[in-house]
Amino acid sequence: MTSAQTYPFVPKSTAKLIAGQFWGIPLRDGKWACGRVVGTDSHIGLGSRTMFLGGLMDWIGDSPPTTEMVVSSRLLEVGNTHLRAITTNGGEILGCVPLRADDAAVAGKPARRYWGDRYIVRAAERLAELGPERYRQIGEERAQAGLFPEVRQLRSPLKRKMLKPLEDRIKVVQFDEPLTDSELKRVARFMEACPDVRLRMYGHRNRPDLEWLRYFPDHQNFMVDAYNLESLDGLRHLPETLTRLAIGQTKRVLSLGALQRFTQLKVLYLEGHTKDIEVVSQLRLLVDVTLRSITLPDLSVLLPLERLWSLDLKLGGTTNLHLLPQIGSLKYLELWRIRGLDDLSPVSDLTNLRFLFLQALRRVTALPDFSRCARLRRIHLEAMKGLTDLSPLADAAALEQLLLVDMPHLRPEHLEPLRHHPTLTSMRIGLGSAKRNQAAEEMLNLPDVELPPADLYD
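J.: Quick question: what am I supposed to make of the side chain of arginine 354 here?
T.: Mapped onto the elements, arginine 354 comes out in the loop between β15 (332-336) and β16 (355-359). Of the side chains with opposite charge, aspartate 458 lies nearest to the buried arginine 354, which makes no salt bridge, at 6.7 Å. Looking at arginine 354, its side chain comes within polar contact range of the main-chain oxygen of asparagine 352, at 2.9 Å. Only 3.4 Å separates the side chain of arginine 354 from the backbone oxygen of leucine 456, close enough to count as a polar contact. Other than its neighbours up to four places away in sequence, arginine 354 contacts Lys331, Arg375, Leu376, Arg377, Arg378, Leu456, Tyr457 and Asp458.

Next up, the structure:
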């Protein structure tokens, strides 16, 4: 309970976090902003010891936030947040104030976004510059433009407001506990008007099968993320023209054989599934594939996918990337926390690559040669602890945006090769301390990276 907790304290896990707690965010000019614990079950890390739902308050002050300040302020936005967002920036939990009714309404909307460790600091800097009203206005404009897609949450018993017409920015309709057959029929009728909106079943307490999909014979976009799922046979109820499919990790090993009928599939996400994975080779129209927690001897299963332009390899132990240049015509490549991966040299021959995302590859100590990557415009390096030589970035002749996130082992002098890069127009610098960040920013004199260019993949 709140009364039993002593403040201030530095959280080591989410065990002592409760909704309503707040912490101070120091800004460059000596002022302070305020972060808020909104909940301990984040959309990305349900039950995680490090992830929570965090928020930014609409307040800027000359000293750290107090209980009185929190009572008179409002929540601006929320996001899935790692504990490092508090601790990396020198913060600690200062106190706890119950969420106001209007704050609870903001918090009640499922968070779609993951906030990097320094996102809330950058957001607070923008808040200090723009003021709360303009900050809110820009956020609403971006949401209306579909830049931050929203989710419609369904729960039994279904309420009328859950089935009201969808705004354009809502891209997912989901439920995490079983709906009755009669409720599923209502949802099916509701979604007839939006067959391309993702329908998602998730949660550990949901149905163990997909037979309920018989009510959705024309739906085009489906995701199942239920660990207790016992079979994929119910996928047969979806149309052969299905365009998007995502299958999360399950306790039992399930066959992917049911996927072979979806010859029109464009986007595929698989987590932990390798049984009959060769069926992926038959899905020749795929343009976007994500393989998470999957270990393959090589990437030969992807060779027949001539239209593939986006590939994510996350977790798992697929370390042989030598076939990368022969797969489709890759414009986007993401490599994230792959055990044992130490050789990125195949990336050098991705001549059509536009965006490279590398995160937490512990054994990688050298960047590839970028001289042949003539169309590479954006590079994101995060928690790449083995990298110190950034000079290969100077050979990326079209590079416009560079993000260095959670790279505390670097010093400003490591960024010297970028000082005179002819095309680099913006850069996000995260060197682990405000002093080092400021020194690097003064050296390079580049604005912060915002969104990727609208024409990045053209």
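The discussion continues.
J.: Sorry, what's going on with the layout of surface pockets here?
T.: Empty space among the atoms can be located by rolling a probe the size of a water molecule over them. Of the voids in this model, the second largest pocket is the one considered here, and its volume is about 760 Å³. If you go around the second largest pocket, you meet 34 residues; those closest to its centre are Arg28, Arg118, Val121, Asn437 and Glu441. At six residues, the largest contribution of residues to the lining of the second largest pocket is made by helix α7 (residues 434-444). Split into classes, the residues belonging to the lining of the second largest pocket amount to twelve nonpolar, nine polar and 13 charged.

J.: Got a minute to help me understand unusual backbone geometry in this structure?
T.: Leaving glycine aside, a negative phi is the common case for residues, and trans is the common case for peptide bonds. Residue proline 8 follows tyrosine 7 across a cis peptide bond; omega there is 0°. In this structure, proline 8 sits in the segment before β1 (21-26). Cis geometry is adopted by the peptide bond preceding proline 157, which originates at serine 156 and carries an omega value of 0°. Position of proline 157 among the secondary structure elements: in the loop between β7 (150-154) and β8 (170-175). Residues other than glycine seldom take positive phi values, yet leucine 315 does so here, at roughly 55°. For leucine 315, a relative accessible area of 24% puts it in the partly exposed group. A positive phi is found at aspartate 406, a non-glycine position, where the angle reads about 55°. Along the chain, the position of aspartate 406 falls in the loop between β18 (401-405) and β19 (426-429). Overall, the relative accessible area of 23% leaves aspartate 406 in the partly exposed class.

J.: How should I be thinking about the environment of proline 304 in this particular structure?
T.: Mapped onto the fold, proline 304 is located in the loop between β13 (288-292) and β14 (310-314). Sequence-wise, proline 304 and asparagine 352 are 48 residues apart; in three dimensions their C-alpha atoms are separated by 18 Å. Ignoring anything within four residues of it in the chain, the contact list for proline 304 reads Ser281 and Arg284.

J.: Explain empty space enclosed by the protein here, please?
T.: In this structure the tally under the stated criterion is one cavity of 30 Å³ or more. For the largest cavity, the calculated volume is near 30 Å³. Forming the walls of the largest cavity are Leu291, Ile294, Leu296, Leu313, Lys314, Leu315 and Thr318. Across the lining of the largest cavity, the residue classes tally to five nonpolar, one polar and one charged.

J.: In this structure, what is going on with the confidence of the model for the chain? I would like to understand it.
T.: Caution is warranted with low-pLDDT regions, since their predicted coordinates should not be read in detail. When pLDDT is averaged along the chain, the result is 90, and 92% of the positions lie at 70 or above. Under a pLDDT of 50 for its full length, residues 42-47 has, in the predicted model, 14 contacts with residues more than four places off or in other chains.

J.: Where do I start with the packing of aromatic side chains in this structure?
T.: Two measures describe an aromatic ring pair: the distance that separates the ring centres and the angle between the ring planes. A full pass over the atoms with the stated rule returns seven aromatic pairs. Centroid distance tryptophan 212 to phenylalanine 222: 5.8 Å. Interplanar angle 70°. Geometry classified as edge-to-face. Pair noted here: tryptophan 212 is in the loop between β9 (198-202) and β10 (221-225) and phenylalanine 222 is in strand β10, with a separation of ten residues, a long-range link. Judged by relative accessible area, tryptophan 212 falls into the buried class, the value being 0%. Taken together, a centroid distance of 4.9 Å and an interplanar angle of 50° make the contact between tryptophan 309 and tyrosine 457 tilted. Taken together, the residues span a long stretch of sequence, with tryptophan 309 in the loop between β13 and β14 and tyrosine 457 in the segment after α7 at a distance of 148 residues. For tyrosine 457, a relative accessible area of 27% translates into the label partly exposed.

Calculation notes
Residues numbered from 1 in each chain as written. Predicted model: local features only at pLDDT ≥ 70, side-chain atom pairs only at ≥ 80, totals over all residues. Heavy atoms only, no water. Helix = DSSP H or I, 4+ residues; strand = E, 2+ residues; numbered from the N terminus. Buried < 20%, exposed > 50% of the residue type's maximum accessible area, 1.4 Å probe, protein only. Lys, Arg positive; Asp, Glu negative; His and termini not counted. Salt bridge = Lys/Arg side-chain N within 4 Å of Asp/Glu carboxyl O. Polar contact = N/O pair within 3.5 Å; in protein donor to acceptor, adjacent residues only side chain to side chain. Contact = heavy atoms within 4.5 Å. 1 Å grid on protein atoms, 1.4 Å probe; cavity = no way out; pocket = protein on both sides within 12 Å on 5 of 7 lines; lining within 4 Å. Points joined across faces, edges and corners; volume = space filled by probe spheres on them. Nonpolar A, V, L, I, M, F, W, Y, C, P; charged D, E, K, R; others polar. pLDDT = per-residue confidence, 0-100. Phe/Tyr/Trp six-rings, centres within 6.5 Å; stacked < 30°, edge-to-face > 60°.

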